[in-house]
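Now for the letters of each chain:
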Amino acid sequence: MYKLSEYKPTNNILLIEDNPGDARLVEILLEDSDLNCEITHEITLSGGVKRLAEQDFSAVLLDLTLPDSKGFITLESILNAFPEANVIVLTGLSSKEIGIKAVQVGAQDFLVKGDFDSEQLSKSLKYSIERKNVLKRLEEAQKIAHIGNWKYVENARIFEASDELYRIFGYGAKIPATIETLRKHLPDNDISFFFDVMGRLQKQPEVRRDITICRLDGERRTLSVICRRQKGENGIYIYSGILQDVTEREYAKKALIKSQERYHTIFSQTKDAIYISNKEGRLVDYNEATVNLLGYSSEELKGINIHDIFEVQNDKDAFLEEMRANSFAKDFEAPLVTKKGKTIHCLVSASIIETDEFEGYHSIVRDITERKQAENLRKAKELAERSAKMKEQFLANISHEMRTPMNAILGMSNLLLHSDLDREQDSYITSIKQSSQNLLGIINDILEISSLQHGN
């Protein structure tokens, strides 16, 4: 098994060279180098283009003079067809200026035939391959972040742009890089942005702004744009910038604003007290209803521990224990005390908040004092009604029980009055009879009232 440090990947190199001697020299130099290479050789531009369409190569060694293409157009043909190709131009001693121009247009490097050895060839290939890998990773990062970059060389009118920039505008990744492509996708108020930015940058080092574009498919997108200018060699100005598609971010921002507006409406207009406190109970934020409920001013509430307004210590302990056990409390009923010492009955619902920067909880407190009073009145009324009913029932039962002995007393009194009695005895029995009749009349009246109350 290879160790990572020992592993050398195979670099597929496409050599487009029609001179057999020059081609063989390149092959020998690569064999002597420390690069692990596999060389594919083509002698014509058309053959090289066909190979590039079929296979991905780490680098292309390109001779500008071929049987079917000569001069600078050879490089342009390759780059127009394969913008991502990693091209190193091979030039003659008299074509050194062409090599420099080739690098300016898009070639990674140039080598003068007969003027490089194995080490120089290896070094050029290594650097160009690594640059390609870096650019590939950068392209992937740009794709993930929806960021595209561009560069414009003023005098040479050379425009370069990353693939992601074109994807942002709705194109595929591999299209000719031209500033005119961007022109028709800028809205009317921004049509001159990429052009008048040069003038703006003469007065300021950087330009930042947001623009709205219409993509190729008609979808409108919001872009955040940053542009800069720097002076290159020979006094030539180079303009560069980045574009980031921030449409989703803007959607999220608008959604957040709407959510905050809804929360603010609920927070400020609800009749229930809403507050946020730290875990010790110190108030952090609260609405106007909290001020109205507790009777403290807004400034006074800032120094209050909300736990101290519980009237009963056991209620406070039970509330905190429920919060610790469940991370929330729902409709916890407890009497609270206002600034003036008035007891109000409340339902408290709370849940814990834990973030990197804050620990506490938010609560909603509903005043149920009136409801509690109404409930107490209802219970008192029900109790009074039950008491009255029990009293009536008791009197009715007693009255029924008293009638039996009273009838017996009256009966015995009548029997005694018809027996042989002296005057004094007759007087006694008559008094007993009259008193018994009066008492029986009272009992009958009680029974009659009880019967009427029960609807009988």
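Conventions adopted
Residues numbered from 1 in each chain as written. Predicted model: local features only at pLDDT ≥ 70, side-chain atom pairs only at ≥ 80, totals over all residues. Heavy atoms only, no water. Helix = DSSP H or I, 4+ residues; strand = E, 2+ residues; numbered from the N terminus. Buried < 20%, exposed > 50% of the residue type's maximum accessible area, 1.4 Å probe, protein only. Salt bridge = Lys/Arg side-chain N within 4 Å of Asp/Glu carboxyl O. Contact = heavy atoms within 4.5 Å. Pairing = 2+ DSSP bridges. Axes fitted to C-alpha atoms, helices over the stretch in contact; angles between N-to-C directions.

Description of the environment of Q269
Right, so step 1: Structurally, the position occupied by Q269 is in helix α9 (residues 247-269).
Right, so step 2: On the basis of relative accessibility, which here comes to 61%, the residue Q269 falls in the exposed class.

A word on the pattern of salt bridges
Right, so step 1: Overall, the coordinates contain 23 salt bridges when judged by the stated rule.
Right, so step 2: For R366, the salt bridge is made with D272, and the minimal N-O distance between the two is 2.7 Å. Of this pair, R366 sits in strand β17 (residues 359-367) while D272 sits in the loop between α9 and β13 (273-278), and the two are 94 residues apart along the sequence.
Right, so step 3: Residue R366 is classed as partly exposed on the basis of its relative accessible area, which comes to 45%.
Right, so step 4: Relative accessible area serves as the criterion here: at 13%, D272 is assigned to the buried category.
Right, so step 5: Look at the salt bridges and you will find they share partners, linking R215, D217, E219, R221, D245 and E248 into a network.

Let's talk about the environment of L66
Right, so step 1: Along the chain, L66 turns up in strand β4 (residues 65-66).
Right, so step 2: L66 gets classed as buried once you look at its relative accessible area, which sits at 0%.
Right, so step 3: C-alpha separation for the pair L66 and L45, spaced 21 residues apart in sequence, amounts to 6.7 Å.
Right, so step 4: In contact with L66, not counting residues within four places along its chain, are I16, E17, D18, I43, T44, L45 and T74.

Let's talk about the sheet that holds strand β6 (residues 87-91)
Right, so step 1: Across the sheet, which stays open at both edges, the 5 strands sit in the order β2-β1-β3-β6-β7 with parallel pairing between neighbours. Since the sheet does not close on itself, it has two edges, and those belong to β2 (37-42) and β7 (109-112), each with one partner. Looking at each pair of strands side by side, their axes are set apart by 20° on average, direction ignored.
Right, so step 2: Summarising the sheet, strand β3 (residues 59-63) and β6 pair through 4 bridges and their orientation is parallel.

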